[in-house]
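Here's the letter readout for the chains.
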Amino acid sequence: MELKKLIKLDLRKRIIISLVGFLIFISAVIYFVIFPSIRDIRNIKNEIESQRVELERRYVKGQSLRKMKEKLERAEEKVDVLDQVFIGQDAGLEFVTALEGVAGKNGVSQKINLLSSAGVDNGFYKVVPLQLSSGGNAGQQMNYLVGLETLNYYINIKSLELSSGSTATPADNPGSGSRVNLFVTADTYWRETGN
């Protein structure tokens, strides 16, 4: 019966009722479908943004690790060179022999004093003071210093004292010139052989 009453309504009222019904239907669709979808889309957008930021952070970290790995590989290639500057505890005789070889090659007399009891130990290596006294002419002394610097061992010269010796020329070596005495205080770096 109600349907008959609805059919009997005039056209204007039917349009208004249809329009109100349509608006209620559209409002329900908007409220129950579109708003939740918009909320979900915003949540998804925020998640994607946070994942993008996290991926960028991981990418940058990966690049840093890759660069660090390359630097480490380059450093590992040079470890053998660095190992040569240290004097092994069991290679003390080789070191002294090398010093004597430099002195003999350059024709200077030399006295070596290793102060092992005063050495400073930092765990990886030990600093051992070295005192060298040598005598010869100026050219020989300069060549001697160059020889010390070109040794495979690292000798850190802290002080260098030059003094003139006797000016008398020996009869067997007339071209030797005046004698120069050299006193060198330096640090040497020693390490345990197993390190």
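Please refer to the structure higher up on the page.
Given the structure is predicted, the values throughout are model-derived calculations rather than measurements.

A. Representation of the pattern of salt bridges. Summed over all chains, the structure comprises six salt bridges. Measuring nitrogen to oxygen at the nearest pair gives 2.4 Å for the salt bridge that ties Glu49 to Arg52. Here Arg52 and Glu49 lie together in helix H2 (residues 11-77), a separation of three residues that amounts to about one turn. Among the residues examined, Arg52 registers a relative accessible area of 37% and is labelled partly exposed.

B. View of the nonpolar core. Counting residues in each nonpolar core, the largest one holds 19 residues, and the members touching the most others are Phe95, Leu99, Leu132, Tyr144, Leu148 and Ile155. Those elements giving two or more residues to this core turn out to be helix H4 (92-106), strand E4 (126-137), helix H5 (138-149) and strand E6 (179-191). If sequence neighbours within four positions are ignored, Leu99 has contacts with Gln110, Ile112, Leu130, Leu132, Leu148, Leu151 and Ile155.

C. Fine view of the environment of Pro129. Relative to the helices and strands, Pro129 resides in strand E4. Residues Pro129 and Ile157, 28 residues apart in the sequence, show an inter-C-alpha distance of 9.7 Å.

D. Main features of H5. Counted at 1.5 Å a residue, the expected span for H5 with its 12 residues is 16 Å, and the 17 Å between its end C-alpha atoms agrees. When we look at burial in H5, the residues that qualify are Gln141, Tyr144, Leu145, Gly147 and Leu148. Buried residues along H5 cover an arc of 160° about the axis, so they all sit on one side. Among the residues of H5, the N-terminal cap falls to Asn137, whose side-chain oxygen and the backbone nitrogen of Gly139 are separated by 3.1 Å.

E. Geometry of a positive patch on the surface. Where like charges cluster on the molecular surface, the positive patch consists of Lys67, Lys71, Arg74 and Lys78. When you line up the elements, Lys67 lands in helix H2.

F. Representation of the packing of aromatic side chains. One pass over the full model with this rule turns up four aromatic pairs. Judged by centre distance (5.0 Å) and plane angle (85°), the rings of Tyr31 and Phe32 are edge-to-face. Ring centres of Phe95 and Trp190 lie 5.9 Å apart, and the angle between their planes is 80°; on these two criteria the pair is classed as edge-to-face. Taken together, the positions of Phe95 in helix H4 and Trp190 in strand E6 put the pair 95 residues apart, joining distant regions of the chain. Overall, Trp190 belongs to the buried group, its relative accessible area being 7%. Three or more aromatic residues link up through ring pairs in this structure, and these residues are Phe95, Tyr153 and Trp190.

G. Representation of the packing of H4 against H5 within the structure. Following both chains from N to C, one finds H4 and H5 inclined at 150°, their axes separated by 9 Å at the closest point. As the angle between them shows, H4 and H5 are arranged roughly antiparallel. Crossing angle aside, the handedness with which H4 passes H5 is right-handed. For the pair H4 and H5, the contacting residues are Leu99, Val102, Ala103 and Asn106 in the first and Gln140, Asn143, Tyr144, Gly147 and Leu148 in the second. A class-by-class count of the residues in the contact of H4 with H5 yields five nonpolar, four polar and no charged.

H. Fine view of the pairing of E6. Note that strand E1 (residues 87-88) and E6 share two bridges and pair parallel. By the bridge assignment, Ile87 is partnered in E6 with Trp190. Here E4 runs beside E6; their pairing, made up of 12 bridges, is antiparallel. Residue pairing across strands places Leu132 opposite Val184, the latter belonging to E6. As paired elements, strand E5 (residues 155-164) and E6 share nine bridges and run antiparallel to each other. For Leu162, the partnering residue across the bridge sits in E6 and is Leu182.

Cut-offs used in this document
- Along each chain, the written sequence defines residue order, and numbers are assigned to residues from 1.
- Restriction of local features to residues with pLDDT of at least 70 applies here, the model being predicted, together with a cutoff of 80 or more for giving and counting side-chain atom pairs; totals for whole chains, interfaces and linings are based on all residues.
- Side-chain numbers come from the whole structure's heavy atoms, not from hydrogens or water.
- Note on definitions: salt bridges are taken to be side-chain nitrogens of Lys or Arg within 4 Å of carboxyl oxygens of Asp or Glu.
- Helix and strand assignments come from DSSP, with helices taken as H or I runs of at least 4 residues and strands as E runs of at least 2, each series counted from the N terminus.
- Partly exposed describes any residue whose relative accessible area lies between the buried limit of under 20% and the exposed limit of over 50%, with all areas from a 1.4 Å probe on protein chains only and scaled to the type maximum.
- To form a nonpolar core, buried Ala, Val, Leu, Ile, Met, Phe, Trp, Tyr and Cys residues must be joined to one another through side-chain atoms within 4.5 Å.
- We call two residues in contact when some of their heavy atoms are within 4.5 Å.
- Here the expected length of a helix is defined as 1.5 Å per residue gap, with one fewer gap than residues.
- Within this analysis, the arc is defined by the directions that extend from the helix axis to the C-beta atoms.
- Any pair of N or O atoms that falls within 3.5 Å is considered a polar contact. Within protein, one atom must be able to donate a hydrogen and the other to accept it, and sequence-neighbouring residues count only if both atoms are side-chain atoms.
- Residues enter a patch when their relative accessible area is above 30% and they make no salt bridge; the linking distance is 9 Å between like charges and 5 Å between nonpolar side chains (Val, Leu, Ile, Met, Phe, Trp, Tyr).
- Where accessible areas are quoted, they stem from the Shrake-Rupley method and a 1.4 Å probe; at the residue level, only the protein chains shown are allowed to cover.
- In this tally, Asp and Glu contribute negative charge and Lys and Arg positive charge; neither His nor the terminal groups of the chain are included.
- Here the site of a charge means NZ on Lys, CZ on Arg, CG on Asp, or CD on Glu.
- In summary, the pairing rule links any two rings of Phe, Tyr or Trp, Trp by its six-membered ring, whose centres are within 6.5 Å, and it sorts them by plane angle into stacked for under 30 degrees, edge-to-face for over 60 and tilted for everything else.
- Lines fitted to C-alpha atoms define the axes, with helix axes restricted to the stretch in contact, and inter-axis angles between N-to-C directions lie between 0 and 180 degrees.
- Roughly parallel means an angle under 35 degrees; roughly antiparallel, over 145; roughly perpendicular, 65 to 115; everything else is oblique.
- With the far helix as reference, a near helix turned anticlockwise by less than a right angle produces a left-handed crossing, and one turned clockwise produces a right-handed crossing.
- As a working rule, the residues Ala, Val, Leu, Ile, Met, Phe, Trp, Tyr, Cys and Pro are called nonpolar, Asp, Glu, Lys and Arg charged, and the rest polar, with Gly in that last group.
- Should DSSP find at least two bridges between two strands, the strands are regarded as paired.

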